Amino acid sequence: QLTPAGAFQLLRTPPTGTLNSIIDAADSLATDAKFLAEACYTESSVAQRFELICNWITRQIAWSTPMHNAVSWAATEIGNSFGTSSIARLQDATALSKTRFVSLFGEQVGLAPKHYARILRFRRSRSLLRQGRRLSDAALAAGYYDQAHMHRDFAEFAHRTPLEFVTATRFPNSLSIPE
């Protein structure tokens, strides 16, 4: 899993084109995929293959256009707070207009800042529920105003209620649940 800044720099493309999709490495890396496959084949050890790939990633990031400082900072703040940071406060702190902030964030992260924060809050609540926290405690600890807000995010992101999520049978040693 890549951070928004890492995805933007490594793939050298706005993430909006890859939103809600699985990315094939050969498609996203274009001609580099063939070169990397051939170079890995000629290496004699797994350690040398990993070193080759790590060096390639380092070069990709060094040659790429960095994420806008304001967007990088705001995405980090949202991530560090598990989505509970005030988007308006972050936008004010960047000194960008609301329109410019939302536009840049969307171009470089792939989501509007509020939607990104909602996803992180949902992930946090899901983790808390897996730890055995009560629904109301998980909702408050994840930064929701009440259980109803958490319920709406579960309906949108998990297509089930929080209670259905908690009681669903999970695959052993997996974060997934059966369809």
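A. Focus on the environment of Glu77. By the element assignment, Glu77 lies in helix H5 (residues 69-80). With 40 residues separating them along the chain, Glu77 and Ala117 place their C-alpha atoms 9.9 Å apart. Residues contacting Glu77, with those up to four places away along its chain left out, are Ser85, Arg89 and Leu90.

B. Representation of the packing of H5 against helix H8 (residues 113-130) within the structure. As a packed pair, H5 and H8 sit with axes 9 Å apart at the nearest point and diverge in direction by 25°. As summarised for this structure, H5 and H8 are arranged roughly parallel, according to the angle between their axes. In the crossing of H5 with H8, the sense of the turn from one axis to the other is right-handed. For the pair H5 and H8, the contacting residues are Ala75, Ile78 and Gly79 in the first and Pro113, Tyr116, Ala117 and Leu120 in the second. Residues belonging to the contact of H5 with H8 are distributed by class as follows: six nonpolar, one polar and no charged.

C. Highlighting the layout of surface pockets. Computed from the structure, the second largest pocket encloses a volume of approximately 270 Å³. Listing elements by their share of the lining of the second largest pocket, those giving two or more residues are H8 and helix H10 (147-157). In terms of residues, the lining of the second largest pocket owes the most to one element, H8, which gives four residues. Tallied by class, residues from the lining of the second largest pocket come to four nonpolar, six polar and five charged.

D. A look at the packing of H8 against H10. As a packed pair, H8 and H10 sit with axes 10 Å apart at the nearest point and diverge in direction by 100°. If you check the angle between H8 and H10, you find them roughly perpendicular. Between H8 and H10, the contacting residues are His115, Arg118, Ile119, Phe122, Ser125, Arg126 and Leu129 on the first element and Met150, Asp153, Phe154, Glu156 and Phe157 on the second. Among the residues forming the contact of H8 with H10, the class breakdown is six nonpolar, two polar and four charged.

What counts and how
- Residues numbered from 1 in each chain as written.
- Predicted model: local features only at pLDDT ≥ 70, side-chain atom pairs only at ≥ 80, totals over all residues.
- Heavy atoms only, no water.
- Helix = DSSP H or I, 4+ residues; strand = E, 2+ residues; numbered from the N terminus.
- Contact = heavy atoms within 4.5 Å.
- Axes fitted to C-alpha atoms, helices over the stretch in contact; angles between N-to-C directions.
- Parallel < 35°, antiparallel > 145°, perpendicular 65-115°, else oblique.
- Left-handed = near helix turned anticlockwise from the far one by under 90°.
- Nonpolar A, V, L, I, M, F, W, Y, C, P; charged D, E, K, R; others polar.
- 1 Å grid on protein atoms, 1.4 Å probe; cavity = no way out; pocket = protein on both sides within 12 Å on 5 of 7 lines; lining within 4 Å.
- Points joined across faces, edges and corners; volume = space filled by probe spheres on them.

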